[in-house]
Structure formats: structure tokens, C-alpha cells
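Summary of structural features
Take a look at the letters that make up each chain.
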Amino acid sequence: MADQSQASFVKAETKKLKRELTLLPLFGLLYFTVCGGSFGIEPLIGYSGPGLALLLIAITPLVFSLPNVLMVRELNSMMPVEGGYYHWVKQAFGPFAGFLAGWNNWVVSWLDVAIYPVLAVTYLSCSVAKIG
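Counting starts from 1 at the beginning of each chain's written sequence and moves along it residue by residue. In keeping with the model being predicted, local features are shown solely for residues with a pLDDT of at least 70 and side-chain atom pairs are shown and tallied solely at 80 or more, while totals for entire chains, interfaces and linings include all residues. The basis for every side-chain value is the complete set of heavy atoms in the structure, and neither hydrogens nor water enter the calculation.

1. Looking at the packing of aromatic side chains
Ring pairs shown here join Phe, Tyr and Trp side chains whose ring centres sit within 6.5 Å, with only the six-membered ring taken for Trp; geometry is labelled stacked below 30 degrees between planes, edge-to-face above 60, and tilted in between. This model, assessed by the stated rule, comprises two aromatic pairs. An angle of 75 degrees between the planes, with centres 5.7 Å apart, marks the rings of Tyr85 and Trp88 as edge-to-face. With Tyr85 and Trp88 both in helix 5 (residues 85–93) and three residues apart, the pair spans about one turn of that helix. Working definition: with a 1.4 Å probe on protein chains only, accessible area under 20% of the residue-type maximum means buried, over 50% means exposed, and in between means partly exposed. Among the residues examined, Tyr85 registers a relative accessible area of 34% and is labelled partly exposed. For Trp88, a relative accessible area of 8% puts it in the buried group. Under the scheme used here, helices are H or I runs from DSSP no shorter than 4 residues and strands are E runs no shorter than 2 residues, and both carry numbers assigned from the N terminus.

2. Let's talk about a nonpolar patch on the surface
Surface patches are drawn from residues lacking salt bridges whose relative accessible area is over 30%; two like charges belong together within 9 Å, two nonpolar side chains (Val, Leu, Ile, Met, Phe, Trp, Tyr) within 5 Å. We get accessible surface area from the Shrake-Rupley algorithm with a probe of 1.4 Å; when it comes to residues, only the shown protein chains can shield them. Each salt bridge in this description consists of a side-chain nitrogen of Lys or Arg and a carboxyl oxygen of Asp or Glu lying within 4 Å of one another. Together, Leu52, Leu55, Leu56, Ile59, Val63 and Phe64 make up a nonpolar patch on the protein surface, roughly 530 Å² of accessible area in all. Mapped onto the elements of the fold, Leu52 is located in helix 4 (residues 50–78). Accessibility expressed as a relative area gives 43% for Leu52, which makes it partly exposed.

3. Quick notes on the side chain of His87
Considering the arrangement of structural elements, one finds His87 in helix 5. Using a relative accessible area of 17% as the deciding quantity, one classes His87 as buried. Only heavy atoms enter the contact rule, under which two residues are in contact if any of them lie within 4.5 Å. Among all residues touching His87, those that are not within four sequence positions of it are Met79, Val81 and Glu82.

4. A look at helix 4
Here a helix's expected span is defined as the number of its residues, less one, multiplied by 1.5 Å. End to end, helix 4 covers 42 Å across 29 residues, agreeing with the expected 42 Å (1.5 Å per residue, within 8%). A residue's bend is simply the angle between two axes: one fitted to the seven residues ending at it, one to the seven starting at it. Roughly 35 degrees is the biggest bend found in helix 4, and it falls at Ser65, with proline Pro67 one to four residues downstream. Those residues of helix 4 not exposed but buried are Ala53, Pro61, Ser65, Asn68, Val69 and Leu75.

5. Some remarks on the side chain of Asn68
Residue placement: Asn68 occurs in helix 4. We classify Asn68 as buried; its relative accessible area is 18%. Among residues more than four places away in sequence, those in contact with Asn68 are Leu30 and Tyr85.

6. As for the confidence of the model for the protein
Scored by pLDDT, the protein has a mean of 79; 83% of the residues are at 70 or more. The spread of mean pLDDT over the elements of the protein runs between helix 2 (residues 23–35), the lowest at 71, and helix 5, the highest at 87. pLDDT measures how confident the predictor is about each residue, on a scale from 0 to 100.

Here's what the structure looks like:
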């Protein structure tokens, strides 16, 4: 009886979760996760020229993000659960591999997020030095 009431409680709480991530924010999220936004790509124009730089900036999200989007869409339609990569890896390879996938994703997110403030400060300090 307790398991049934707990299951109904979990279903009720799951219905309260809002899933409002549409396609455009999803592409933005994947782009900034994979490509890191525009910080740090200024030397690219000097190295490759403006035409090739714009081509690389346009192609990079497609090459890296499109396979990721297609994989996530397929897995989410097959196993629509909260947890994403952690749950999918856990189902395929077991709890330890799921733990490693979740932990690695968490560590990479922290390291990736820590890079952007440093790049922003470096970018702004170079801009201020050129003005002054």
C-alpha cells in the first residue's frame, strides 16, 4: 500500500514539472556548451581571414551540435525521464557508469563555466588597455 501511495505521489509531482525548452533555446544551449560562445575566437579572423572564419563559426555548431541534438531527441523519445545522460548511461551500462557520466558532466560544466569569466575579464582588460 505504501509503494502505491508513493508511486501516485511521484506521478503527481512529475506532472508539476514544466518542460518549456523549445527548439531555439535548445540550439543556443548546445551552441554555448560546445562552442563556448564568441569569447576567444578573435584571433581566428587574423589566422584564417574573415570569410573562412565566418564559415567555421557557422559550421562548427552544426558539426558538433546536430549529432548531439539528434541523439538526445531519440533517447528522450525512447526513455522520457528526468536525468538525461545519467539515466540513459545507467540503463545501458549500469549504475557505476551512470554515476561516472553524471559526475563527469558535472565536473565539465564547472570547468567550462569557470573559463568564461576569465575570458570576459581578459577581453575587457585588453579593450580598456587599447582605449587608455
